[in-house]
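# What the coordinates show
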Amino acid sequence: MREGHVEEDSYPSRGTSSEWVERKEPVVWGARPGPLSEHELARFGRDGYLVMPDLLRDRAAELRAEAKRAADDPKETHIREPESDVVRSVFAIHRTRDAFRSLVRDPRLADVARQILDDDIYVHQSRVNFKPGFDGKEFFWHSDFETWHQEDGMPRMRALSFAIALTEITPQNGPLMLIPGSHRLFVACVGATPERHYERSLRRQEIGVPDRVTLTRMVESRGLHAPTGGPGTVLLFDCNTLHGSNGNITPLGRSSLFLVYNAKQNMLDEPFCGRPARPEHIAARLHTDIV
Ligand code: 6CS
Ligand code: FE
C-alpha cells in the first residue's frame, strides 16, 4: 500500500445507517506559501469554500466557446439530462481540449491547490456542467467525497474542486448552493451502490445522497449560500462540502467548468463500495501526471 494510505474504511456509507462522523483530516493541510492569504485560508477552513470573483475573467470567453464546441462534438464524453437528450455534462475535457489542458496548470488554480493540499497534485476529474436554459435539471444534495470515496476509492479528504463560471451565474439560473461548514462532518448515505451506478447518477443522483432529516438540521443550523458572479468567477470548495443546485427554467444557461485536483499522496485505491472502478474519464487512475 502506498505511503499515507489508510487500510480500513474511515468513512463507511451506502449501508443502512445515516449517521454522521467528524472529519478525520485537516481542511488546510499545510503552511506552504501560495496565492491565498492567511485570512482567505482561514475562511476556507471555516466554511469549506471560498469565492474568488472574476479570478479568471481573462479566460472565460475562450473557455465558454471551447465548451460549446465540446458539447457539439460527438467524439466527446457526453452525459445527457435525465428527461431529455440535451447535453448535461462533458467529462475529461482537460484531456481533449487544449484550452482546458492549459488551464489545469494555471498558477491561479494549481498553486492554490498545492498550497491547501500541501502536496503535488494531479487532476482527478474535469467536467463542464452546462445547466442549459429551460432544460438544465437539478443536482441533488451530496458530498463529492462520499461518491469519490465509495465509488472511486479515494482514501482521504485531500481533494479540491474549482467551479469556474463560464457564463453569468445569477440567483435564478441554478447557482450551486453550499452548506457552510458541512465539510467538517461526513454524512453516511443509505442505500447500496447499484452496478454501473455512474450511468444514472451523473444524470440524476439518488444513491449517495444524505437523508432529509440530516439535511434539514444542517441547513437550519448552518444556513445556505448560493454564490453568484460573472464569467471567470471561481468557487473553490472542499471535496466534502455538501452542495447541490436547482433546475434552470430561465432562458439563461449556467455553464461551469469543474476542475478537481487530488493530492498525489491520496491516489485512488479500490472502491470502498466493492464495485468495479469507474471509467478513467470520470476518475483518473492512469493520467496522474503531476500538474
Ligand atoms: O460522481 C461524480 O464524480 C460526480 N457527481 C456529482 C454529483 N458531483 C461530483 C462529480 O461530478
Ligand atoms: Fe458534486
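Nothing here was measured: the structure is a model prediction, and the numbers come from that model.

### A short note on the coordination of the iron ion (ligand 2)
Around the iron ion (ligand 2), the protein supplies His142 (NE2), Asp144 (OD) and His243 (NE2) as donor atoms, at distances of 2.1 to 2.3 Å. Around the iron ion (ligand 2) sit four donor atoms, and with donor-metal-donor angles ranging over 81 to 175 degrees the site reads as irregular. All donors to the iron ion (ligand 2) come from one chain, and their sequence spacing reads H-x1-D-x98-H. Highlighted residues: His142 in strand E6 (residues 139–142) and His243 in strand E11 (residues 243–245), separated in sequence by 101 residues. Take His142 and His243: they sit in the same class, and that class is buried.

### Quick look at the site of ligand 1
Around ligand 1, the neighbouring residues are Gln125, Arg127, His142, Asp144, Thr147, Trp148, Leu202, Gln205 and Arg278. Separating an oxygen atom of ligand 1 from a side-chain N or O atom of Gln125 is a distance of 3.0 Å. Measuring from an oxygen atom of ligand 1, one finds a side-chain N or O atom of Arg127 at 2.8 Å. Expressed as a share of its isolated accessible area of 290 Å², the protein-covered part of ligand 1 is 95%. Taking a 2 Å distance to the grid points as the criterion, the majority of the atoms of ligand 1 fall inside the largest cavity. Of all the secondary structure elements, the ones that give two or more residues to the shell around ligand 1 are strand E5 (121–129) and helix H6 (144–152). For the shell around ligand 1, the residue count by class is two nonpolar, four polar and three charged.

### So, the environment of Pro74
Position of Pro74 relative to the elements: it lies in the loop between helix H2 (57–72) and strand E3 (77–80). Exposure remark for Pro74: the relative accessible area of 74% places this residue in the exposed category. The sequence separation of Pro74 and Ser18 amounts to 56 residues, and the corresponding C-alpha distance is 40 Å.

### Description of the nonpolar core
Within the largest apolar cluster, 40 residues are counted, with the highest numbers of intra-cluster contacts made by Leu109, Ile116, Phe162, Ile164, Leu236, Leu257 and Tyr261. Ranked by residues supplied to this core, first place goes to helix H5 (residues 107–117) with six residues. Filtering out sequence-adjacent residues up to four positions away, Leu236 remains in contact with Leu36, Phe44, Gly48, Tyr49, Leu50, Met52, Val112, Ile116, Leu160, Ser161 and Phe162. Among the nonpolar cores identified, the runner-up in size contains 14 residues, and Tyr11, Phe145, Phe186 and Val260 belong to it.

### Regarding the pattern of salt bridges
Side chains bearing opposite charge may pair, as long as their charged atoms lie close to each other. As enumerated under the stated definition, the model contains 24 salt bridges in all. Among the salt bridges present, the one from Asp238 reaches Arg23, with a minimum N-O distance of 2.9 Å. With Asp238 in strand E10 (residues 234–238) and Arg23 in the loop between strand E1 (20–22) and helix H1 (38–47), the pair connects residues that are 215 residues apart, well separated along the chain. Taking the shortest distance from any N to any O, the salt bridge between Arg97 and Glu76 comes out at 2.7 Å. Taken together, the positions of Arg97 in the loop between helix H3 (93–96) and helix H4 (98–103) and Glu76 in the loop between H2 and E3 put the pair 21 residues apart, joining distant regions of the chain. For the pair Arg97 and Glu76, one class covers both residues: buried.

### Quick word on empty space enclosed by the protein
For the coordinates displayed, the defined rule picks out four cavities of 30 Å³ or more. Roughly 350 Å³ of internal volume is contained in the largest cavity. Arg127, Phe139, His142, Asp144 and Gln205 are the residues nearest the centre of the largest cavity, which is lined by 25 residues in total. Looking at the lining of the largest cavity, the elements that each hand over two or more residues are strand E4 (87–91), E5, E6, H6 and E11. There is about 130 Å³ of room inside the second largest cavity. Lining the second largest cavity we find 15 residues, and of these Ala163, Ile169, Leu176, Pro227 and Leu235 sit closest to its centre. Looking at the lining of the second largest cavity, the elements with two or more residues in it are strand E7 (159–165) and strand E12 (256–263). Considering every element that reaches the lining of the second largest cavity, the biggest residue donor is E7, with three residues. In the lining of the second largest cavity, the residues fall into 10 nonpolar, four polar and one charged.

The rules we used
- Residues numbered from 1 in each chain as written.
- Chains lettered and ligands numbered in written order.
- Predicted model: local features only at pLDDT ≥ 70, side-chain atom pairs only at ≥ 80, totals over all residues.
- Heavy atoms only, no water.
- Donors = N, O, S within 2.8 Å, 3.2 Å for Na, K, Ca; no water.
- Tetrahedral: all angles 85-135°; square planar, octahedral: opposite > 155°, others 65-115°.
- Helix = DSSP H or I, 4+ residues; strand = E, 2+ residues; numbered from the N terminus.
- Buried < 20%, exposed > 50% of the residue type's maximum accessible area, 1.4 Å probe, protein only.
- Near = heavy atom within 4 Å.
- Polar contact = N/O pair within 3.5 Å; in protein donor to acceptor, adjacent residues only side chain to side chain.
- Areas by Shrake-Rupley, 256 points an atom, 1.4 Å probe, with all protein chains shown as cover.
- 1 Å grid on protein atoms, 1.4 Å probe; cavity = no way out; pocket = protein on both sides within 12 Å on 5 of 7 lines; lining within 4 Å.
- Sits in = over half its atoms within 2 Å of the grid points.
- Nonpolar A, V, L, I, M, F, W, Y, C, P; charged D, E, K, R; others polar.
- Core = buried A, V, L, I, M, F, W, Y, C linked by side-chain atoms within 4.5 Å.
- Contact = heavy atoms within 4.5 Å.
- Salt bridge = Lys/Arg side-chain N within 4 Å of Asp/Glu carboxyl O.
- Points joined across faces, edges and corners; volume = space filled by probe spheres on them.

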